[in-house]
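Commentary on secondary and tertiary structure
For reference, the chains in residue letters:
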There are 2 protein chains.
Amino acid sequence: MRAHSSVRAFKPEALDPSRIRAAVSAAQMAATSSHVQSYALLQLTDRTVRARIAELSGNQAYVADCGAFFVVCGDMRRHRLIADRAGKRRTDNLETFLLAVIDASLFAQNLVLAFESDGLGICYIGGLRNELPTVDSVLGLPEGVLPFYGLCVGEPIDKPAVKPRLPVEAVWFRDHYPSDDEMLALVDAYDETMAAYYAGRGLAGRNWSGAIWRRFEAETRGHLAAYYGAKGAKLS
Amino acid sequence: MRAHSSVRAFKPEALDPSRIRAAVSAAQMAATSSHVQSYALLQLTDRTVRARIAELSGNQAYVADCGAFFVVCGDMRRHRLIADRAGKRRTDNLETFLLAVIDASLFAQNLVLAFESDGLGICYIGGLRNELPTVDSVLGLPEGVLPFYGLCVGEPIDKPAVKPRLPVEAVWFRDHYPSDDEMLALVDAYDETMAAYYAGRGLAGRNWSGAIWRRFEAETRGHLAAYYGAKGAKLS
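Rules used throughout
- Residues numbered from 1 in each chain as written.
- Chains lettered and ligands numbered in written order.
- Predicted model: local features only at pLDDT ≥ 70, side-chain atom pairs only at ≥ 80, totals over all residues.
- Heavy atoms only, no water.
- Least-squares fit on C-alpha atoms with pLDDT ≥ 70 in both.
- Contact = heavy atoms within 4.5 Å.
- pLDDT = per-residue confidence, 0-100.
- Core = buried A, V, L, I, M, F, W, Y, C linked by side-chain atoms within 4.5 Å.
- Buried < 20%, exposed > 50% of the residue type's maximum accessible area, 1.4 Å probe, protein only.
- Helix = DSSP H or I, 4+ residues; strand = E, 2+ residues; numbered from the N terminus.
- Pairing = 2+ DSSP bridges.
- Buried area = accessible area lost by both parts, 1.4 Å probe.
- Salt bridge = Lys/Arg side-chain N within 4 Å of Asp/Glu carboxyl O.
- Polar contact = N/O pair within 3.5 Å; in protein donor to acceptor, adjacent residues only side chain to side chain.
- Phe/Tyr/Trp six-rings, centres within 6.5 Å; stacked < 30°, edge-to-face > 60°.
- Lys NZ or Arg CZ within 6 Å of the ring centre and 35° of its normal.

Describing the relation of the copies chain A and chain B
In the superposition of chain A on chain B (RMSD 0.0 Å, axial shift 0.0 Å), the rotation amounts to 180°. What the superposition gives is, in effect, a two-fold axis relating one chain to the other. A symmetric contact is evident, with 100% of the interface residues of chain A recurring at the interface of chain B.

Spelled out as structure tokens, the structure:
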């Protein structure tokens, strides 16, 4: 875990399916609420499709070039097939959407650690959500299958240095969330750490809190609620 | 990973803070979208508070009795303090809510594996969402801090057998999600596996698909959208 950094340069050889199967079956042992297992993992093997998804994900070429590329999905469809066959109603709301996001993410993080333990590098692709309706039309996902993010896996060519995280005190609290002044003091300390990290990579003058307010200043990915709603999720 | 099962009987001794710190700092190395680190971990140390949360989470006594109990939260507050201080606007939508759920869950699963690697047992507590507005009033969470689930950690007294998961073929697909008939055949095979598992635990006649349609037949936790909205999340 402590050695993790996101890899963005991979050898092009396709990943052996036996290594994928081993990682997936280990990852499935992640906890899942009421044993519902609301997730699905779609691997894309067609290089033309992957090149198109790479383009739609903010021109991240490694989506097309890495050893294996996956779309991590929430899965309400499997449950609906079961309910339909039994002649039962399936009710959805924000809770069942959350179940899918949480189940898929616990599974995904297990999967990532299984791959990393096997000597592989990984990169999550949040950029998959940049143009999700178009991604969906390329993938032809059925109703009830909700793509959340991509995942690149492969033999790393280049592994970046580990990036410092927030001080533990800014994340783990006992009984009370810190006061605003306490939290901002922790952010200031972290800004110094990150400024040194960035300066070491030739990015003088950059820090964390500046990147944060810039990230959230303008709206991004404003289509998600309409998209997931059209795929059968309920967000109310 | 393969040895995981959820523990619900723990020794009562409080977990040493040095073991928590080690697990949290390793868990923080989980990937995080644009390095935003949208999560917070609130440990509850007051036994009276924990007894109340245990009751509100469906009377799960181990919430009060385990070695350490945590509330895993999304954190938009830290970012808002930064934006406010810089005089910048923070925009929220379903994307920024998803970032918080995903970041918190990748972190949480790392945390769980770090604790398990240290010989401890864990149990996620989705029941924390049963009565979230009341839980919130007990915890006094500030705006922008979004509780998603609880986490019990401690020395296990009793560790249940590992529970079989869906066949790998029901979860990992290449290029196309299976047809309805293919998926239902996989569900049928899994029902047999699970019926045998349950029968071995004295629960004859139980299977997975029956549990699934029952789980989703009636609405549960219908208050979540209003609750998270009131805490500052946007779901549109």
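Section: the confidence of the model for chain A
When pLDDT is averaged along chain A, the result is 97; 100% of the residues meet or exceed 70. Here the predicted complex scores 0.98 on pTM and 0.98 on ipTM.

Quick look at the nonpolar core
Where a protein is soluble and globular, its nonpolar side chains tend to be buried together. Core analysis: the biggest nonpolar cluster contains 178 residues, and Phe97 and Tyr228 of chain A together with Phe97 and Tyr228 of chain B have the highest contact counts within it. Excluding its chain neighbours within four sequence positions, the residues that come into contact with Tyr228 of chain A are Phe97, Arg129, Leu132, Leu146, Pro147, Phe148 and Ala233 of chain A together with Leu94 and Leu98 of chain B.

Describing the pairing of strand β2 (residues 68–75) of chain A
Residue and element names in this part refer to chain A. The buried count for β2 comes to 8 of 8 residues, which makes it a mostly enclosed element. Taking every second residue as pointing to the same face, both faces of β2 are buried, with Ala68, Phe70, Val72 and Gly74 on one and Phe69, Val71, Cys73 and Asp75 on the other. As paired strands, strand β1 (residues 39–44) and β2 are joined by 6 bridges and run antiparallel to one another. Across the sheet, Tyr39 pairs through a bridge with Gly74, a residue of β2.

Observations regarding the interface of chain A and chain B
Facing the 103 residues of chain A at the interface are 103 residues of chain B. When the buried area of chain A at its contact with chain B is split by residue, Met29, Trp172 and Phe216 of chain A rank highest and sum to 8% of it. Taken together, chain A and chain B are joined by 12 salt bridges. A salt bridge links Arg21 of chain B to Glu169 of chain A; its shortest N-O distance comes to 2.5 Å. Applying the counting criterion to the chain A and chain B interface returns 62 residue pairs in polar contact (both at pLDDT 80 or more). Top contributing element to the side of chain A that touches chain B by residue count: helix α5 (residues 94–117) of chain A, with 15 residues. Inspection of the sheet shows strand β5 (residues 172–174) of chain A paired to strand β1 (residues 39–44) of chain B by 3 bridges, in the parallel sense. When the bridges of β1 of chain B are listed, Arg174 of chain A appears paired with Gln43 of chain B.

A word on helix α1 (residues 17–27) of chain A
Along α1 of chain A, the positions that sit buried rather than exposed are Ile20, Ala23, Val24, Ser25, Ala26 and Ala27 of chain A. Those residues of α1 of chain A that are buried are in contact with β1, β2 and α5 of chain A together with β5 (172–174) of chain B.

Things to note about the packing of aromatic side chains
Taken as a whole and judged by the stated rule, the model has 20 aromatic pairs over all chains. Geometrically, the ring pair formed by Tyr39 of chain A and Phe107 of chain A is stacked, given 4.2 Å between the ring centres and 15° between the ring planes. With a gap of 68 residues between them, Tyr39 of chain A in strand β1 and Phe107 of chain A in helix α5 connect regions that are remote in the sequence. The class for Phe107 of chain A is buried, based on a relative accessible area of 0%. Every member of this aromatic cluster is reached through a ring pair, and the members are Phe97, Phe148, Tyr227 and Tyr228 of chain A. One Lys or Arg, Arg214 of chain A, reaches over the ring of Trp213 of chain A and ends 4.6 Å from the middle of that ring. The cationic tip of Arg206 of chain B hangs over the ring face of Tyr198 of chain B; the distance from NZ or CZ to the ring centre is 4.7 Å.

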